[in-house]
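For reference, the chains in residue letters:
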Amino acid sequence: MSSSSFLKVSVWRGKAKGAFVTYDVPRRESQTVLDVVTHIQRAIDPSLSYRFACRVGMCGSCAMTVNGKARWTCRTHVSKVVEGDALEIAPLSNLPVIKDLATDMREFFDKWARAKGQFKGTRTRYDDFAVVAPDSKARGAANAGIECIGCAVCYASCDVVAWRPGYLGPAALNRAWTLANDVRDVQQKERLLAVSGDAGCHACHTQGSCNERCPKQIEPTAGISGLKKLAARAAVRGELG
Amino acid sequence: MITVEQAARITEAKLWYWQRISAMVLALCVIVHVAIMIYAVRGGLTGAEILGRTRGSVSFAAFYGVFVLACAVHVPVGLMRVAEEWLHLDRFLSVVLGKLFGVTILFLGLRAVYGVFTG
Ligand code: FES
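On to the pattern of salt bridges, then. Close approach of charged atoms allows side chains with opposite charge to pair. For the structure on display, the rule yields 17 salt bridges over all chains. Between Glu 12 of chain B and Arg 81 of chain B there is a salt bridge, with the nearest N and O atoms lying 2.8 Å from each other. Residue Glu 12 of chain B is found in helix 1 (residues 4-40), and its partner Arg 81 of chain B is found in helix 3 (residues 58-85); the two are separated by 69 residues along the sequence. The pair Glu 12 of chain B / Arg 81 of chain B is uniform in exposure class, with both members buried. Among the charged side chains, a salt-bridge network with shared partners connects Arg 164 and Asp 198 of chain A together with Glu 12, Arg 81, Glu 84, Glu 85 and Arg 91 of chain B.

Where the parts come together, the accessible area they lose is often given as the size of the interface. Residue and element names in this part refer to chain A. Along its sequence, chain A is carved into domain 1 (3-103) and domain 2 (106-236). The C-alpha-based centres of domain 1 and domain 2 are spaced at 29 Å. Listed per partner, the contact involves 13 residues of domain 1 and 15 residues of domain 2. Together, Ala 70, Trp 72 and Asn 94 form the three largest contributors to the area buried by domain 1 at its contact with domain 2, with a combined 46%. Remark: the boundary between domain 1 and domain 2 carries 0 salt bridges. At the boundary of domain 1 and domain 2, one finds 2 residue pairs in polar contact (both at pLDDT 80 or more). In terms of residues, the side of domain 1 that touches domain 2 owes the most to one element, strand 4 (residues 69-72), which gives 4 residues. When the residues that make up the side of domain 1 that touches domain 2 are grouped by side-chain class, the tally is 7 nonpolar, 4 polar and 2 charged.

Looking now at the interface of chain B and chain A. On the chain A side, the residues contacting the 15 residues of chain B number 19 residues. Taking both sides of the interface into account, the surface hidden between chain B and chain A amounts to around 1,600 Å²; carbon and sulfur atoms contribute 67%. A per-residue breakdown of the area chain B buries against chain A is headed by Arg 9, Trp 16 and Glu 85 of chain B, which together make up 39% of the total. Counting the contacts that link chain B with chain A gives 3 salt bridges. Put simply, Arg 164 of chain A and Glu 85 of chain B hold a salt bridge, and the shortest N to O gap is 2.6 Å. Where chain B packs against chain A, one counts 6 residue pairs in polar contact (both at pLDDT 80 or more). Only helix 1 and helix 3 of chain B provide two or more residues apiece to the side of chain B that touches chain A. No other element matches helix 1 of chain B, which puts 9 residues into the side of chain B that touches chain A. When grouped by side-chain class, the residues that make up the side of chain B that touches chain A number 6 nonpolar, 1 polar and 8 charged.

Bringing the sheet that holds strand 5 (residues 86-90) of chain A into the picture now. Residues and elements named next belong to chain A. Strand order across the open sheet formed by 5 strands is 2-1-5-3-4, with mixed pairing between neighbours. The outermost strands of the open sheet, each flanked by one partner alone, are strand 2 (18-26) and strand 4. With direction set aside, neighbouring strand axes in the sheet form an average angle of 35°. Here strand 1 (residues 6-14) runs beside strand 5; their pairing, made up of 4 bridges, is parallel. Looking at the pairing, Val 11 lines up with Ile 89 of strand 5. Strand contacts of helix 1 (residues 33-44): strand 1, strand 2, strand 3 (63-66) and strand 5, with the helix running at about 95° to strand 2, the strand carrying the most contacts.

Here the focus is unusual backbone geometry. Residues and elements named next belong to chain A. The backbone phi angle of Ser 30 is positive, close to 50°, even though this residue is not glycine. With respect to the helices and strands, the residue Ser 30 is situated in the loop between strand 2 and helix 1. Unlike most non-glycine residues, Gln 217 shows phi in positive territory, near 55°. If you trace the backbone, Gln 217 turns up in the loop between helix 9 (209-213) and helix 10 (220-236). Residue classification places Gln 217 among the exposed residues on the basis of a relative accessible area of 65%.

Here we come to the packing of helix 1 of chain B against helix 3 of chain B. Residues and elements named next belong to chain B. It is at 8 Å that the axes of helix 1 and helix 3 come closest, and there the two elements cross at 135°. The angle between helix 1 and helix 3 falls in the class oblique. For the crossing formed where helix 1 meets helix 3, the hand is left-handed. Tallied by class, the residues present in the contact of helix 1 with helix 3 amount to 18 nonpolar, 5 polar and 2 charged.

Residue and element names in this part refer to chain A. Mapped onto the fold, Gly 223 is located in helix 10. Residue classification places Gly 223 among the buried positions, given a relative accessible area of 3%. Taking the C-alpha atoms as reference points, Gly 223 and Met 105, 118 residues apart in sequence, are found 22 Å from one another.

Thresholds applied
Once a new chain begins, its residue numbering starts again from 1 and follows that chain's sequence as written. Chain labels run from A onward and ligand labels from 1 onward, assigned in the order the entries are written. Given that this is a predicted model, residues contribute local features only at a pLDDT of at least 70 and side-chain atom pairs are listed and counted only at 80 or more, while totals for whole chains, interfaces and linings are drawn from all residues. Side-chain numbers here rest on the full set of heavy atoms in the structure, without hydrogens or water. Criterion for a salt bridge: a side-chain nitrogen of Lys or Arg within 4 Å of a carboxyl oxygen of Asp or Glu. The way it works is that DSSP assigns letters per residue, a run of H or I at least four long becomes a helix, a run of E at least two long becomes a strand, and they are numbered from the N terminus. Per-residue accessibility, obtained with a 1.4 Å probe over protein chains only, is compared with the maximum for each type, and a residue is labelled buried under 20%, exposed over 50%, and partly exposed between these values. Note that the domain bounds were set by an automatic or database domain assignment. The criterion used for residue contact is that any of the two residues' heavy atoms lie within 4.5 Å. By definition, the buried area sums, over both parts, the 1.4 Å-probe accessible area that each loses when the two are put together. Counted as a polar contact is a pair of N or O atoms within 3.5 Å, where, for protein atoms, one must be capable of donating a hydrogen and the other of accepting one, and residues adjacent in sequence contribute only when both atoms are in side chains. In this classification, the charged set is Asp, Glu, Lys and Arg, the nonpolar set is Ala, Val, Leu, Ile, Met, Phe, Trp, Tyr, Cys and Pro, and all remaining amino acids, among them Gly, are polar. Strands qualify as paired when DSSP identifies two bridges or more between them. Axes, fitted as lines to C-alpha atoms, cover a helix only where it is in contact. Angles between the N-to-C directions of the axes lie from 0 to 180 degrees. Here the word oblique covers every angle except those under 35 degrees (roughly parallel), over 145 (roughly antiparallel) and from 65 to 115 (roughly perpendicular). If you view the pair so one helix is near and one far, a crossing is left-handed when the near helix is turned anticlockwise from the far one by less than a right angle, and right-handed when it is turned clockwise.

Structural data, given as structure tokens:
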């Protein structure tokens, strides 16, 4: 517990144009940032808009910018991020603001689709299970990225997304990488083409903000490097497209 | 058949590959170059001394020729990115700017190599 029993919480109100409004929120033990936002909405101003669902770090809907950094708010303790008694809570960067702390996530998820983030196999329910060796290299690579909850923290933290609005971003490319390592998937070539070029993996500068901020400790840049190598090799051999 | 946009993606993938390869060459070149510099500056450095080493030396000319070539491949790709992302130039202008810079490096670099070789 901090010495003060109240937090000074500045919350973004409005859309792209708006302002920070400051609220006094009582400090509690083991309080999360989501608890703070919920308190404001329930006890101070019911018109505050924000998103959450699971509250246990599974659904990925509660991400916001907290004191300048994108975080999953349901699993972020106030004590970890508070500066003195001040918290600044804003919507995620690199996404259009719908209202207050809620952003429009359509472009983020459309990019997953554009990166061919869908699995496509050939077996039907009448076929036997595919056998994938758990200790194979490909399965290991897929495992490393598979726990993504789609919170967009990486996307909001990525400078390349800010510079190139068309860039697919770390989450979509991480998804593509897990599928590139799925031996059952049959659209590898199309996917490699979809994630190539300056909207895809080759635009990444390996700055690593995504690795640093990912609440699930995934390293999207590792997958992106893998895609770069696969795609460039295929392109030079004339096997891409 | 592939679309124009897909063709552009393939070009991007190849450019990345060439930038990688040229970076590896440059890494080696820089190490050798720095080693030569450290060796050469012992006890002062004069123009005559440099020319004495480089004049007529095919291996010197070949080494620095490769160095210049790797620069001319590597630099334009990076500059295109900077032009697009930081100066917000469009694709076409960035490519032109990058290529111009590459050709300039190639010309000035090779001229310098030729200069110290024939000296
Ligand atoms: S509310 Fe589901 S991850 Fe935070």
